[in-house]
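Single-letter residue listing:
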Amino acid sequence: MENTQNPSHPADVQYNKVVEMVHCYAESVGLDRHTVYNAEKLFWTWTKGSATIQIMIHKLNYDNGSRRDFIRIFCPVMDVPATNQLLTFYRRLLELNDEKFGIKFSVLPNANKVWATFERDIKGIDFNELSTFISDFEHWADTLDDQLKEQFPNLLN
């Protein structure tokens, strides 16, 4: 399975619809689609309060010729704090994974950054669902980054 582009694939119809829906969402909240979309890298980025919102659609091609496309909304939340309370910190992230429906927290391998992420297969998605989960994600990313930084300052305790 690899993440590549195949412009003649039948799934491109839905992919193109979702691209347009994200553009329309951006415009519906007062953003300029041409400013927030990077056509070269195929992703959107904007800020909501203190959160930097990023959106990508990943095309996953399988060896049998099938493809699944996933929309991913993500935001860097904070650096992993330099603290002797890392067990408490990671436990809190796992609790938030359970409490905040649709949002998950992760740390990438060999990185020191905590990310909030929402992802969904784009099959069957409509504009109402897309706009609901983007606006929900914006709210929680902007709220939780501040709460986590306050609860776990980057200090050794």
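The text that follows walks through the structure, step by step, so that each part is easy to find.

Each value, and the rule that gives it
Residues numbered from 1 in each chain as written. Predicted model: local features only at pLDDT ≥ 70, side-chain atom pairs only at ≥ 80, totals over all residues. Heavy atoms only, no water. 1 Å grid on protein atoms, 1.4 Å probe; cavity = no way out; pocket = protein on both sides within 12 Å on 5 of 7 lines; lining within 4 Å. Points joined across faces, edges and corners; volume = space filled by probe spheres on them. Helix = DSSP H or I, 4+ residues; strand = E, 2+ residues; numbered from the N terminus. Nonpolar A, V, L, I, M, F, W, Y, C, P; charged D, E, K, R; others polar. Salt bridge = Lys/Arg side-chain N within 4 Å of Asp/Glu carboxyl O. Buried < 20%, exposed > 50% of the residue type's maximum accessible area, 1.4 Å probe, protein only.

### Description of the layout of surface pockets
It is a probe the size of a water molecule, rolled over the atoms, that shows where empty space is left. Roughly 160 Å³ of internal volume is contained in the largest pocket. Residue lining of the largest pocket: Glu99, Lys100, Phe101, Gly102, Ile103, Phe118, Phe133, Asp136, Phe137 and Trp140, and that is the complete set. When residues of the lining of the largest pocket are assigned to their parent elements, the largest contribution, four residues, is made by helix α4 (residues 127–151). Across the lining of the largest pocket, the residue classes tally to six nonpolar, one polar and three charged.

### Re the pattern of salt bridges
Taken as a whole and assessed by the stated rule, the structure comprises 13 salt bridges. With a closest N to O distance of 2.8 Å, Glu27 and Arg33 form a salt bridge. Accessibility expressed as a relative area gives 40% for Glu27, which makes it partly exposed. Given the relative accessible area of 17%, Arg33 is considered buried. Linking Glu95 and Arg92 is a salt bridge whose minimum nitrogen-to-oxygen distance equals 3.3 Å.

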